[in-house]
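As a plain string of letters, each chain reads:
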Amino acid sequence: MQIIEDSTVYDAIVVGSGAGGGMATKVLADAGLKVAVVEAGPFFDPADPEQKTQLRWPYESPRRGAGTVRPFGDFDSAYGGWEIEGEPYTHKDGTKFDWFRSHMLGGRTNHWGRISLRFGPDDFKHKSIDGHGDDWPISYDDVKPYYDKVDKMIGVFGTKENIHNNPDGFFLPPPKPRLHELFYIKGARKTGVPVYPSRMSMLTKRINNDRGVCFYCGQCSRACQVYADFSAGTCLIFPAQKSRGQVDLFVNCVVREVTVDDEGKATGVSYINKEDRKEYKLKGKVVVLGASACSTARILMNSKSPQHPNGLGNSSDIVGKYLHDSTGADRMAFVPDLMNRKVSYNEDGVGGMHVYSPWWGDNSKLDFPRGYHIEIWGGMGMPSYGFGFNVNEFNKFFGTKVGGYGDVLRSDAKKYYGALVGLSGRGESIAYKDNYCEIDPNTVDEWGIPVLRFHYKWSEYEHKQAIHMHDTFEQILTNLGGEVLGSKPGKEADYGLHTPGRIIHEVGTTRMGDDPKTSVTNKYQQLHDADNVFVVDAGPFVSQADKNCTWTILALSWRASEYIVDQLKKQNL
Amino acid sequence: MDRRKSLKSIVLGSVAGGLAINGCKPGAETPVEEVALDPTAVKWRTDRENEHVAELERERFFNDHEAATMTVLCDLILPGGAEFKSASDAEVVPFIEFMAKDLPQMQVDLRGGLMWLDHKSNTEFGTEFKSATEEQQKSILDGIAYYDPDVPSSERPFEVNFFSLVRNHTMTGFYTSKIGIEELGYKGNMPNVWDGVPQDVLDQHGVSYEPEWLAKCVDQSKRNIVAEWDEDGNLIS
């Protein structure tokens, strides 16, 4: 099969259209550059009335929104999931890592939780504080101007609270708490856990005239038809297409590798067009990888050449290493005081929580080094698959019979509707060299590209953190008047920790650093081994923080992209 | 049974079937019948997802007798009457039919459970379940409809778990339907402006808003004014 070459030479080829790739596309196009965006999945626009899933009713799905095909349900807007037919990955030594992929314009930003937290000053220098992991080669002050710009361009609601490691930004005003969140505030405070308005990227107030204002359907996971939440397609790629630069969108195109010249500099990428299954080449002065931490590592490791025999950017053998995901554990309670609710009003609110608890503890006095934040869920949500399962199981708390049939089930469903409160801890794990992805030499995907093989184990620190989560959840849930459900998970259940990868915060696989022997990129996310290749997804993260990674991906991608523009102007690339 | 594996085999099967048909086309004397794509194919699913749904719709799980028995059973779980609509008004059995194909691990339990019901009814009343009197049917249900939540489901009798499976899916099928959502009274899934919990609801549950907290929240009368900040990040519009 012949490889088909395009004669166009782009200023930049951006691989991936999620948070990192989307931001790079926006910044580069705004600077007037000619940009090719290569996205592995199809075009997606939630404003298309036929393509959108927002405001659909459960009966529009024959499975009523069950997660049989899309793990977060039929109406979730992320195409893909932890398993994609024809695109396997493997594991080493019996360890586990679940890899979530969403191949589509905007990638995983179409369904993410929109929890938009800045990393704090300590998060960039955590080794200096506790001796674990490594410090970043940059500090909060380096990133702050870009966080500020992201806040103003994309929009995030929140409140100024002056918490040292949870820096304030340029916030839109938050929505008022819902009923179950008022219960949480009560229970958390009684437990000594502080609560604040959450920080999320939905527009509670107009931010410009191109995007609408939130209309409170609670369905951000379905992507917003008026662009009132942040998705990379709607808020970055589409505006980039209207900028003074040129943006050519290549959808359904899977990048196989970065191509290089005799000096080892990148010349572009080769990709497979999924529609005709043929291989193509694109030429560019700069290659910007934003395919996701693991996909980017895979592309680099698959880009083997005489100049880069161990894969591109991998002379250090660090590509793929230090992979880490946020920790996650959850617990819920039945709250008798939330029974018999009036259904007289719509409490959908924004998608997700209106209040949250950032990490409050002092790790120097605890047996684990890093913290976690608490997310809150509950309320009278739209029924979907699973509604009414074990409808009156809470009868057990009142000593009445469980089960039955007939009209009593109707009154039970209404009696208990909205009487559940759940808490999720999302925490920081330590980045270890021994948690990694690598190329599996024995397996290819349906495009003929060698796949990733994962090796990942939680350490004792994550286990201890999870125990602390469950202890705290039990206290808070009890203090808000709840009957805690289930029992505290023990060693056999990994103390309740989700399998690595399940929180979908994969970071660290191309970490940044000043030393080319121990890092893949420099502090501008530029490969030490090839100066015209940049990584703008979460690969360059040295550590994860007890925050979600998206806001930092956006800020760092903006920073790296400005550097690219500057270096192109100076003809250094 | 591993659901994922079974799902994969179904999808692979459908692809293989399609290839086989196409493969026959060139030399075929008799026209090959096109497999029609499900007319419900929608743009909000991917092509592959639509094909999968169409494939499931083409299969049939319940036979006529089973479907009729399920209808009787589901209407005992959620009966119709002066005040409420029934499970069959909400087409719960076609929903369960789909789910049985979507989640094939349910199939043996459903089919076996229906056989159990007929066996029980025949043994006790000399007639199959669907033809028994309502009183007879209820006397069977009274023996399987309740469970001890402190006993793990894996240790409960089969027929009790069978009934729970049908009850759960009847409830979901009904309350995710248009008439079920109306009965429940859910008010969401439409554009609105969230401005806090109504006072009567706060009073009913014994909670209140703190003035300091509310002062930080959005003033909905100004939500359409473009945001501007001073240099310290204070909102000034």
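All values derive from a computational prediction rather than experimental measurement.

Colleague: Can you walk me through the overall build of chain A in this structure?
Modeller: When helices and strands are counted, chain A shows 9 helices and 16 strands. Relative to the globule expectation of 25 Å for 573 residues, the C-alpha radius of gyration of chain A, 24 Å, shows essentially globular dimensions. Taken along the three principal axes of its C-alpha coordinates, chain A extends 80 × 55 × 45 Å. Here chain A, with 573 residues, has 67% of them falling under the buried criterion. Contacts in chain A between residues far apart in sequence, at least 24 positions, make up 72% of those at least 6 positions apart. Accessible area for chain A stands at about 18600 Å²; split by element, carbon and sulfur atoms hold 47% of it. Averaged over its 67 positive side-chain charges, chain A has a centre that lies 4 Å from the centre of its 72 negative ones.

Colleague: When you look at the sheet that holds strand β15 (residues 483–484) of chain A in this model, what are you seeing that I'm missing?
Modeller: The strands that make up a sheet pair up through hydrogen bonds in the backbone, lying either parallel or antiparallel. Residues and elements named next belong to chain A. Within the open sheet, the 4 strands sit side by side as β11-β12-β9-β15. Their pairing is antiparallel. Each of the sheet's edge strands pairs with one partner strand only, and the pair in question is β11 (372–378) and β15. One ladder, built from 2 bridges, connects strand β9 (residues 327–334) with β15; its direction is antiparallel. Of the residues in β15, the one forming a bridge with Ala333 is Val484. On top of the sheet, helix α4 (residues 179–191) reaches β11 and β12 (420–427); it is set at about 140° to β11, its chief contact. Across the sheet, helix α8 (residues 460–479) is in contact with β9, β11, β12 and β15; its angle to β9 comes to roughly 20°.

Colleague: Just checking my understanding: could you explain the interface of chain B and chain A for this structure?
Modeller: When the parts come together, some accessible area is lost, and that loss is often what is quoted as the size of the interface. Contact with chain B, which involves 92 residues of that partner, is made by 99 residues of chain A. Around 8600 Å² of area is buried between chain B and chain A when both sides are counted, 60% of it from carbon and sulfur atoms. Counting the surface chain B buries against chain A, the share from its top three residues, Trp44, Trp194 and Trp213 of chain B, is 11%. Counting every contact that joins chain B to chain A gives 11 salt bridges. We note a salt bridge from Arg48 of chain B to Glu446 of chain A, for which the minimum N-O separation is 3.6 Å. Counting every contact that joins chain B to chain A gives 50 residue pairs in polar contact (both at pLDDT 80 or more).

Colleague: Whenever I open this one, the domain arrangement of chain A confuses me. Can you help?
Modeller: All names here are of chain A. For chain A, the assigned domains are domain 1 (1–44 + 100–155 + 230–324 + 506–573) and domain 2 (157–222 + 327–381 + 418–427 + 460–496). A straight line from the C-alpha centre of domain 1 to that of domain 2 covers 31 Å. Taken together, the contact between domain 1 and domain 2 spans 32 residues of the former and 32 residues of the latter. Carbon and sulfur atoms supply 52% of the area buried between domain 1 and domain 2, which totals about 2500 Å² over both sides.

Colleague: So what exactly am I meant to see when it comes to the UniProt feature "domain: Glucose-methanol-choline oxidoreductase C-terminal" (unreviewed entry) in chain A here?
Modeller: As annotated by UniProt and renumbered to match this structure, "domain: Glucose-methanol-choline oxidoreductase C-terminal" (unreviewed entry) occupies residues 439–556 of chain A. Helix and strand shares over residues 439–556 of chain A are 23% and 14% respectively, and the end C-alpha atoms of the span are 27 Å apart.

Colleague: Help me understand the domain arrangement of chain B in this model?
Modeller: Residues and elements named next belong to chain B. For chain B, the assigned domains are domain 1 (8–58) and domain 2 (64–184). The partner domain 2 presents 4 residues to the 5 residues of domain 1 that form the contact. Summing both partners gives a buried area of about 360 Å² for domain 1 against domain 2, and 66% of it is carried by carbon and sulfur. Inspection of the domain 1/domain 2 interface yields 0 salt bridges. The tally of links from domain 1 across to domain 2 stands at 1 residue pair in polar contact (both at pLDDT 80 or more). No other element matches helix α2 (residues 47–58), which puts 4 residues into the side of domain 1 that touches domain 2.

Colleague: Is there a simple way to explain unusual backbone geometry in this structure?
Modeller: Excluding glycine, most residues fall at negative phi; most peptide bonds, likewise, are trans. Residue and element names in this part refer to chain A. A positive phi angle, near 55°, is found at Asp93, a position not held by glycine. In this structure, Asp93 sits in the loop between β3 (90–91) and α2 (126–130). For Ile504, which is not glycine, the phi dihedral falls at a positive 60°. Mapped onto the secondary structure, Ile504 falls in the loop between β15 and β16 (533–535).

Colleague: Could you clarify how one ought to interpret helix α3 (residues 64–77) of chain B in this entry?
Modeller: One turn of an α-helix holds 3.6 residues; hence residues three or four places apart share an orientation. For α3 of chain B, built from 14 residues, the straight-helix expectation of 20 Å at 1.5 Å per residue is met to within 8% by its first-to-last C-alpha distance of 20 Å. Every buried residue of α3 of chain B is listed here: Glu66, Thr69, Met70, Leu73, Cys74, Leu76 and Ile77 of chain B. In an axial view of α3 of chain B, the angular spread of the buried residues amounts to 150°, which keeps them on one side of the axis. Where the residues of α3 of chain B are buried, they touch α7 (408–416) of chain A together with α4 (92–102), α5 (107–125), α6 (134–144) and α7 (158–175) of chain B. If you check the start of α3 of chain B, you find a side-chain oxygen 3.1 Å away from the backbone N of His65 of chain B, and it comes from Asn63 of chain B.

Parameters at a glance
Residues numbered from 1 in each chain as written. Chains lettered and ligands numbered in written order. Predicted model: local features only at pLDDT ≥ 70, side-chain atom pairs only at ≥ 80, totals over all residues. Heavy atoms only, no water. Helix = DSSP H or I, 4+ residues; strand = E, 2+ residues; numbered from the N terminus. Rg over C-alpha atoms; globule rule 2.2 N^0.38 Å. Buried < 20%, exposed > 50% of the residue type's maximum accessible area, 1.4 Å probe, protein only. Contact = heavy atoms within 4.5 Å. Areas by Shrake-Rupley, 256 points an atom, 1.4 Å probe, with all protein chains shown as cover. Lys, Arg positive; Asp, Glu negative; His and termini not counted. Charge placed at Lys NZ, Arg CZ, Asp CG, Glu CD. Pairing = 2+ DSSP bridges. Axes fitted to C-alpha atoms, helices over the stretch in contact; angles between N-to-C directions. Buried area = accessible area lost by both parts, 1.4 Å probe. Salt bridge = Lys/Arg side-chain N within 4 Å of Asp/Glu carboxyl O. Polar contact = N/O pair within 3.5 Å; in protein donor to acceptor, adjacent residues only side chain to side chain. Domains from an automatic or database assignment. UniProt positions renumbered as here; feature names shortened; annotations may be inferred. Expected span 1.5 Å × (residues − 1). Arc of directions from axis to C-beta.

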